[in-house]
Each structure stands twice: as C-alpha cells, then as structure tokens.
Amino acid sequence: MEMSEASKQTTRSEPEQVQNQEEPDQILSRRRSMVPLNQKKWWISVSLCIFLVFLGDSLVALLLNFFYVQDNRKYSNQDPLHKGTWTQALIQNAAFPVLIPLLFIFPSPKQNPETSSNTRFLSFRILFLYFSLGVLVAAHSKLFAVGKLYANYGIFTLISVTQLIFTAIFTAVINRFKFDRWIVISIILTLVVYLFGGPAFGGAPAKNEQFYYSALQAWATFAGSVAFALSLCLFQLGFEKLLVKTKRYGNSKVFRMVLEMQICVSFVASVVCLVCLFVSGEYKELKGEGEMFKKGEAYYVLTMVGLALSWQVWAVGLIGSVFYVSGVFGDVVHMCASPLVALVVVLAFDFKGDEFSWPGIAALVGTALALGSYFCSAHKKNKEVMELNQRENDGEV
C-alpha cells in the first residue's frame, strides 16, 4: 500500500512538472501569435478609416456641387454672393447624434482604478480639450465655407494646401512627432497631388463677383488651414495624453475613443455654429433657401440631411486615422482623396468644361505613391515593435 501511494504521488507530480515546464513555451507562443494578430487588426482599422475619408469626401463634394447647381443663387434678389456659411458650418457638425448608437456596439474596456489618481483634474482637462476642439472645428468649418464661396476655387486650393505644412509643424512641436524620409516623401507627394488633382466646385462665384472679396477669401482660407492643422494635433494629443489615462479606458486604445471624441467635439461645434447663426441673422435666409432650390424643398431637405451624414462619415474616418496613426497621416489621407473626388465630380456633373485628363490620372498615381510611402514608414515602425516584443518575451523565458 505504501509503495502504491508513493507511486501515485510520483505519477501525479510528473504531469504537474511537465505542465510547469510547458507553461512558459505556451505563454511565449501565445504572445508571439498575438503580435501579428494585433498588427493585422491595426491594418484593417487603418484601411477602414481611409475608406471612410475617401467616401465622405466624395459624398460631400457630390452633394455640395448638387446644392450649388440647384440653388438658383444667380436669379435671387439677395447679394450675388451666397451668405449661408454658418449654415454650412452647422451642417458639417450637427449630425453627431447618429453616432451615439455606435457607442453600444463598441463597448469600453474594463475600468482600471489604478490608471489615474487625480480624476477630477483629468476630467477638467478633457472637458477643456473638448471645448477647445469644438471652437476650433466650428472656426475652420466657417472659414473654409467662406473661402470656398468668396473667390476662385483655384486660389482656395493653393492656400489651403498649407494646412499639411502647418500640421507637420504643429505635430513636431506639440506631439513631438518624429519624421523619417518616407513620411517626408509622402508629404511632398501629397502637396503635389492636392495642387494638381483637386476637383471642380460649383459654388465658386463668377469672375465679376470674386474680385470684391479676394483678400477676405485669402485670409479666411489661411486662418482655416491653421485652425484645421491645430485641431488634428490636439486630437492626437487628446488620444495619447488624456483619454488613454482615464479609468474607463484603462491604458488601452479602443475605437470607442474616436466616437466619444467626435460626438463631444461636434456637440460643442454645433452649439457655437447655432449661436452664431442666430446672432448673425443668417437664420432668416433659411426660408428662402428651399424656395430657390430648382428640385423643390423636398430635395433641398434631403440634400442637407445627406450632407450632414456625409460630413460625419468623413470626420469619423479622419479622426480614426489620427487615432491609429498620427495627425500628419490624417491630413495626408484627407488631401490624397482630392483626385478621387475630382473623378467622381467629373462623372456626376458636366459644368465648367471640366474633364479628367492626364493630370488627374497622374494625381491618382501620386495618391497611391504618397499613401504607399507613409505605409512603408508605418511598416518599418511596426516591425521594430514586433522585434522589441519578441526580445522581451525571450528575456522572460
């Protein structure tokens, strides 16, 4: 009996020793298998954000051109220059409630009580960030609307291309972003693509209208470019330094952050635009807008609703690109969408004798090269992270 009990103990201890010996290898293999899985998920998420930016930009361009082709502004008794810029700024931000149901689809991770010791101060900083970003978004929405409508669209494109330059400068200073040669090549290609591959715009005034407000248009576009670039850097700063430190996210970056950021910032921007809409008296023009629409008031309402939803699609993709990569990448994706938008506009409308010729095709090729250059940089960084994780796992074993 004693020998049998001892043999049982030895037989029980042997599997336990074998299991203990296999546990480190199993943990290491699991960790190694998680690395490419996370990278695969990252690439899918970034690709989805790029698709949303391209889709949103295309839909906005189509609906804006349709709106200005149908609004009969030339035959109205008002000032020949369209004044609905606060309305356009409001439409750009007002459809944020459609994103609220997505918060239930993308739940937040488990709370981490050790994330931050001073939650009140952190909450105040987050609220201040949302307020600042909301004011910035409302400002560049208004300024870009003024810039598009008050002068030649070519001048608007030439000035607004500076937003990528300001984004690179602000990101380097505020976010301490490091540039490599692939990112610099991507920025240069993006600037060329945006300059030579931009779409036509049906809302630009005639030649006899644009000279009166050329200086206003230039300064408005320039200020809007600076505000847009600064907002991208603050988005990135909020994701990296504030939201990730809250208890509800627990040092983990999830897509729910993008939705929360967009909803809160758009709410503040909508309030600012709504107040300015009434203070400026622009709300009085809303009654005449539907009456001047060639297709009727029903098409006018549908166009406005479509614009509002399209702007939200674009904003989620843009902020998602900032979230997963950087503010510079978000601006690169946004500006690289111009040749595709130009192609869509040419296929959908026939005005100004615009056609998609060899410069547009070259711009599409430049878009692929610009994004490919940035992806080379991202692949290089991801590879370094994978090698670092593998070294840490080997060290633990």
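Being a predicted model, the structure only gives us computed values, none of them experimental.

K.L.:
Go over the state of the cysteines with me, naming the residues and quoting the values.
P.N.:
Per the stated rule, a full pass over the model turns up zero disulfides. Not engaged in a disulfide, the cysteine Cys276 finds its nearest cysteine sulfur in Cys273; these two sulfurs lie 6.8 Å apart. For Cys276, a relative accessible area of 23% gives the class partly exposed.

K.L.:
Lay out a positive patch on the surface with the relevant residues and their values.
P.N.:
A grouping of Arg125, Arg176, Lys241 and Lys245 is seen on the molecular surface, where their side chains present a positively charged patch. Its place among the elements puts Arg176 in the loop between α6 (162-174) and α7 (181-196). Owing to a relative accessible area of 69%, Arg176 belongs among the exposed residues under this scheme.

K.L.:
Give me the lowdown on the packing of aromatic side chains, citing residues and values where you can.
P.N.:
Counted by the stated rule, this structure contains 17 aromatic pairs. Taking 6.2 Å as the distance between ring centres and 90° as the angle between the ring planes, the aromatic pair formed by Trp219 and Phe222 counts as edge-to-face. Residue Trp219 and its partner Phe222 are located together in helix α9 (residues 214-242), separated by three residues, close to a single helical turn. Taking relative accessible area as the criterion, Phe222 reaches 34% and is therefore assigned partly exposed. Here the aromatic rings of Phe329 and Phe375 are separated by 6.0 Å at their centres, their planes lie at 45°, and the arrangement is tilted. Note that Phe329 is positioned in helix α13 (residues 327-336) and Phe375 in helix α15 (residues 358-396), a separation of 46 residues in sequence. The exposure class of Phe329 is buried, given its relative accessible area of 0%. Classification of Phe375 by relative accessible area gives partly exposed; the value is 23%.

K.L.:
Can you lay out helix α2 (residues 85-93) for me, pointing to particular residues and giving the numbers?
P.N.:
For α2, the buried fraction is high: nine of the nine residues fall into the buried class. Restricting attention to buried positions, one finds in α2 the residues Thr85, Trp86, Thr87, Gln88, Ala89, Leu90, Ile91, Gln92 and Asn93.

K.L.:
I'd like to hear about a nonpolar patch on the surface, residue by residue, with values.
P.N.:
The grouping of Leu158, Phe179, Val184, Ile188, Val192, Leu195 and Phe196 at the surface amounts to a nonpolar patch, some 640 Å² of accessible area in total. Of the residues forming the nonpolar patch, the biggest block, five residues, is contributed by α7. Its place among the elements puts Val192 in helix α7.

K.L.:
Any details on the packing of α6 against α7? Residues and values, ideally.
P.N.:
Where α6 contacts α7, the axes come no closer than 9 Å and their chain directions differ by 160°. Judged by the inter-axis angle, α6 sits roughly antiparallel to α7. Between α6 and α7 the crossing geometry is right-handed. The segment α6 lies against α7, with Leu164, Ile165 and Ala168 engaging Ile187, Thr190 and Leu191. Looking at the contact of α6 with α7 residue by residue, the classes come out as five nonpolar, one polar and no charged.

K.L.:
An account of the environment of Ile126 is requested, with residue identities and associated values reported.
P.N.:
Residue position: Ile126 is located in helix α4 (residues 119-149). Separated by 116 residues in the primary sequence, Ile126 and Leu242 have C-alpha atoms spaced 6.6 Å apart.

K.L.:
Just give me the short version of the environment of Leu52, but keep the residues and values in it.
P.N.:
Here Leu52 shows up in helix α1 (residues 2-70). As for Leu52 and Val316, which are separated by 264 residues in sequence, their C-alpha atoms are 7.3 Å apart. With residues near it in sequence (within four places) discarded, Leu52 still touches Val313, Trp314, Val316 and Gly317.

K.L.:
Can you tell me about the side chain of Ser326, naming the residues and giving the values?
P.N.:
For Ser326, the position within the fold is in the loop between α12 (297-324) and α13. Of the polar contacts made by the side chain of Ser326, one reaches the backbone nitrogen of Phe329; its length is 3.2 Å. For Ser326, the contacting residues outside a window of four places in its chain are Phe177, Gln236, Ser321 and Tyr374.

K.L.:
Got a sec to walk through the confidence of the model for the chain? Specific residues and values, please.
P.N.:
Residues at a pLDDT of 70 or more form 74% of the chain, whose mean pLDDT is 80. Considering each helix and strand of the chain separately, the mean pLDDT is smallest for helix α8 (residues 207-210), with a value of 53, and largest for α13, with 95. Taken together, the stretch residues 1-37 has pLDDT below 50 and engages in 10 contacts with residues farther than four places along the chain or on a different chain. The low-confidence segment residues 76-82, where pLDDT is below 50, has 18 contacts with residues more than four positions distant or belonging to other chains.

What counts as what
- Residues numbered from 1 in each chain as written.
- Predicted model: local features only at pLDDT ≥ 70, side-chain atom pairs only at ≥ 80, totals over all residues.
- Heavy atoms only, no water.
- Disulfide = S-S within 2.5 Å.
- Buried < 20%, exposed > 50% of the residue type's maximum accessible area, 1.4 Å probe, protein only.
- Patch = residues over 30% accessible without salt bridge, like charges linked within 9 Å, V, L, I, M, F, W, Y side chains within 5 Å.
- Areas by Shrake-Rupley, 256 points an atom, 1.4 Å probe, with all protein chains shown as cover.
- Salt bridge = Lys/Arg side-chain N within 4 Å of Asp/Glu carboxyl O.
- Lys, Arg positive; Asp, Glu negative; His and termini not counted.
- Charge placed at Lys NZ, Arg CZ, Asp CG, Glu CD.
- Helix = DSSP H or I, 4+ residues; strand = E, 2+ residues; numbered from the N terminus.
- Phe/Tyr/Trp six-rings, centres within 6.5 Å; stacked < 30°, edge-to-face > 60°.
- Axes fitted to C-alpha atoms, helices over the stretch in contact; angles between N-to-C directions.
- Parallel < 35°, antiparallel > 145°, perpendicular 65-115°, else oblique.
- Left-handed = near helix turned anticlockwise from the far one by under 90°.
- Contact = heavy atoms within 4.5 Å.
- Nonpolar A, V, L, I, M, F, W, Y, C, P; charged D, E, K, R; others polar.
- Polar contact = N/O pair within 3.5 Å; in protein donor to acceptor, adjacent residues only side chain to side chain.
- pLDDT = per-residue confidence, 0-100.

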